[in-house]
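Understanding the architecture of this molecule
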Amino acid sequence: MASNTRVVLKSQRYGKDRVRLVKVIRGDNGWQDVVELTVRVLLEGDFETSYTHADNSLVVATDSMKNTVYVLAKQSNHVGRPELFAQELGRHFLDTYSHVSTAHVRILQHRWARMNVQGRLHPHSFRRDGDDKRVCEAHVSRTDHSRYRVDISSGISQLLVLKTTGSSFTNFVRDRFTTLPETTDRILSTVVEAEWRFHPAYLTAGANAREDRLTDIDYDEVYQAARNITLNVFAEDNSASVQATLYRMAQQIIEVAPDVDQVYYALPNKHVFTVNLEPFGLKNTGSDATIFMPFDDPSGLITATVVRKSAAKL
Ligand SMILES: O=c1[nH]c(=O)c2[nH]c(=O)[nH]c2[nH]1
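Keep in mind that this is a model prediction, so the values were computed, not measured.

Nonpolar side chains collect at one region of the surface, where Leu180, Phe273, Met293 and Phe295 lie side by side and expose about 340 Å² of accessible area between them. With respect to the secondary-structure elements, Met293 resides in strand S12 (residues 292-294).

Here it is, written out as structure tokens:
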């Protein structure tokens, strides 16, 4: 019965995920840098027959994609700027394989901060100074013979934050399903997922194109600004809700970054509730609340996409 069902392949992309890479960048006088990335490359293009006719003749092995990541990482000066390295990788696949229409590259950058040893920055030792990751995606597509369209987004993943006051939640719907009391003072905690999208760019195609090979946006500056805004707004905002705090973060990123036209946040509300210590004759409510219990599940999940007004009108 199933074999008579008529189907079509609607979309497909494939590639290598979780390619892990550490690059050591050797400077002068024993000064070294380190970059750690996890890379995903997915290709879109004329690969339909590999799905529909078991024909692998156009398939670029995902193993070769993994090798390509290492070869380009060796040759590139941009591994420490993941948005640029992602563009380079994407362009490479389009330059090399004419049947690839879009390369989707996603890079996670893990944090390594230079150690400070006895008041001096150490030349070759580093420590992990946070579990959050810098994320970027480059989608490089063929437009016509001479140009590629490049869509870049960057973001923050898994930035865990908590504040012990400066957060309220009142005035919400009260009906027969409501048990949550209003509060003007609560713990607020979330694990930030953020993504900001840059205007699309158009670059000259072809392996030999010397100029116009990468966009010239200062992605590092935008990343630092967005991370600082996220932390500062979280800390400083007298939060009426996760929703209101999220909106302020996104608004400020769009205000300071003219190349960004869209910001997305997903903020789980990692609930931390007071423990009832009344049975033990202890006051643990209101301004006496000092003992709390974190709850992993369930959590709220507040998400929004905020766009620049001119872009919203289009
Ligand atoms: O900031 C919040 N937003 C909500 O939508 C919500 N819902 C809830 O139970 N607690 C909270 N907190």
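This is not the end of the story, as more comes after the structure.
UniProt's entry tags Thr62, Asp63, Phe169, Arg186, Val242, Gln243 and Asn269 with the feature "binding site: urate" (unreviewed entry), counted in the numbering of this structure. A maximum C-alpha distance of 50.8 Å among these annotated residues, which run over 208 residues, shows that they spread across the structure rather than meeting at one spot. By the element assignment, Thr62 lies in helix H2 (residues 62-75). By relative accessible area, Thr62 is classed as partly exposed at 24%. In this structure Thr62 touches Tyr14, Gly15 and Lys16, once residues within four positions along its chain are discounted. Along the chain, Arg186 falls in the loop between strand S7 (147-163) and strand S8 (188-198). Looking at Arg186, the relative accessible area reads 18%, which means it is buried. Apart from residues lying up to four places away in sequence, Arg186 is in contact with Lys163, Thr164, Thr165, Ser167, Ser168, Phe169, Ser241, Val242 and Asn269. A polar atom in the side chain of Arg186 sits 2.9 Å from the side chain of Ser167.

What follows concerns the site of the ligand. Around the ligand, the neighbouring residues are Phe169, Leu180, Arg186, Ser241, Val242, Gln243 and Asn269. In this structure, Gln243 approaches the ligand through a side-chain N or O atom, which is 2.9 Å from a nitrogen atom. Contacts to the ligand include Asn269, whose side-chain N or O atom sits 3.2 Å from a nitrogen atom. For the ligand, whose free accessible area comes to 290 Å², the fraction covered by protein is 72%.

Attention shifts here to the domain arrangement of the chain. When its domains are assigned, the chain resolves into domain 1 (13-143) and domain 2 (158-313). Taken together, the contact between domain 1 and domain 2 spans 14 residues of the former and 16 residues of the latter. In total, about 1,400 Å² of surface goes out of reach between domain 1 and domain 2, with carbon and sulfur atoms giving 47% of it. Looking only at domain 1, the three residues that lose the most surface to domain 2 are Arg91, Asp132 and Arg134, adding up to 41% of its buried area. Our count for the contact surface shared by domain 1 and domain 2 stands at three salt bridges. Between Asp220 and Arg81 there is a salt bridge, with the nearest N and O atoms lying 3.8 Å from each other. Across the contact surface, domain 1 and domain 2 share four residue pairs in polar contact (both at pLDDT 80 or more).

What follows covers the packing of helix H4 (residues 219-236) against helix H5 (residues 242-256). Direction vectors running N to C along H4 and H5 enclose 145 degrees, while the axes themselves pass 9 Å from each other. You can see that H4 and H5 cross each other, and the crossing is right-handed. Contacts between H4 and H5 involve Ala225, Ala226, Ile229, Thr230, Val233 and Phe234 from the first element and Thr245, Arg248, Met249, Gln252, Ile253 and Val256 from the second. Taken together, the residues of the contact of H4 with H5 sort by class into eight nonpolar, three polar and one charged.

We now examine the UniProt feature "active site" (unreviewed entry) in the chain. UniProt's entry tags Lys16, Thr62 and His271 with the feature "active site" (unreviewed entry), counted in the numbering of this structure. These residues run over 256 residues, and the two farthest C-alpha atoms among them are 41.2 Å apart, placing them at more than one spot. Residue placement: His271 occurs in the loop between strand S10 (260-269) and strand S11 (272-274). Ignoring anything within four residues of it in the chain, the contact list for His271 reads Met293, Pro294, Phe295, Pro298, Ser299 and Gly300.

Attention now goes to the packing of aromatic side chains. Applying the stated criterion to the full structure yields six aromatic pairs. Judged by centre distance (6.4 Å) and plane angle (20 degrees), the rings of Phe93 and Tyr97 are stacked. Judged by relative accessible area, Tyr97 falls into the partly exposed class, the value being 22%. In this structure, Arg128 is placed above the aromatic ring of Trp112, and the distance from its NZ or CZ to the ring centre is 4.2 Å. Here the basic side chain of Arg134 rests over the ring of Tyr223, its NZ or CZ set 4.6 Å away from the ring centre.

On to the packing of H2 against helix H3 (residues 82-96). Orientation of H2 relative to H3, taken along the N-to-C sense of each, is 125 degrees, at an axis distance of 11 Å. Looking at the two axes, H2 sits oblique to H3. The way H2 lies across H3 gives a crossing that is right-handed. Mapping the contact onto sequence places Met65, Thr68, Val69, Leu72 and Ala73 in H2 and Phe85, Glu88, Leu89, His92 and Phe93 in H3.

Reading the values: rules and limits
- Counting of residues starts from 1 at the beginning of each chain's written sequence and follows it residue by residue.
- Side-chain atom pairs in this predicted model are given and counted only at pLDDT of 80 or more, local residue features only at pLDDT of at least 70, and totals for whole chains, interfaces and linings cover all residues.
- The side-chain values count all of the structure's non-hydrogen atoms but skip hydrogen atoms and water molecules.
- Patch criteria: residues need more than 30% relative accessible area and no salt bridge. Like-charged residues are merged within 9 Å; nonpolar side chains of Val, Leu, Ile, Met, Phe, Trp and Tyr are merged within 5 Å.
- The accessible surface values rely on the Shrake-Rupley method and a 1.4 Å probe; as for residues, cover is taken only from the protein chains in view.
- A pair is scored as a salt bridge if a Lys or Arg side-chain nitrogen falls within 4 Å of a carboxyl oxygen belonging to Asp or Glu.
- Only DSSP runs of H or I with at least four residues qualify as helices, and only runs of E with at least two residues qualify as strands; both kinds are numbered from the N terminus onward.
- UniProt positions are given in the numbering used here, feature names are shortened, and annotations may be inferred rather than shown by experiment.
- Burial here depends on accessible area, computed with a 1.4 Å probe over protein chains only, as a share of the maximum for the residue type. Under 20% is buried, over 50% is exposed, and the range in between is partly exposed.
- Two residues form a contact once any of their heavy atoms are found within 4.5 Å.
- Contacts described as polar in this section are N or O atom pairs within 3.5 Å, which, within protein, must combine one atom able to donate a hydrogen with one able to accept it, while residues neighboring in sequence count only if both atoms come from side chains.
- Here a residue is near a molecule or strand as soon as one of its heavy atoms is found within 4 Å of it.
- These domain limits were set by an automatic method or by a database of domain assignments.
- When two parts are brought into contact, each loses some accessible area as probed by a 1.4 Å sphere; the total of that loss over both is the buried area.
- A fitted line through C-alpha atoms represents every axis, and for helices the fit uses only the stretch in contact; the resulting angles, taken between N-to-C directions, go from 0 to 180 degrees.
- The sense of a crossing depends on the near helix, which, turned anticlockwise from the far helix by less than a right angle, makes the crossing left-handed and, turned clockwise, makes it right-handed.
- Gly falls in the polar group here, along with every residue not listed as nonpolar (Ala, Val, Leu, Ile, Met, Phe, Trp, Tyr, Cys, Pro) or charged (Asp, Glu, Lys, Arg).
- Each pair of aromatic rings taken from Phe, Tyr and Trp, with Trp reduced to its six-membered ring, is defined by centres within 6.5 Å and is described as stacked if the planes are under 30 degrees apart, edge-to-face if over 60, and tilted in the remaining cases.
- In this analysis the charged atom, NZ for Lys or CZ for Arg, is taken to sit over a ring once it is within 6 Å of the ring centre and within 35 degrees of the ring normal.
- Here the angle decides the label: under 35 degrees means roughly parallel, over 145 means roughly antiparallel, 65 to 115 means roughly perpendicular, and every other value means oblique.

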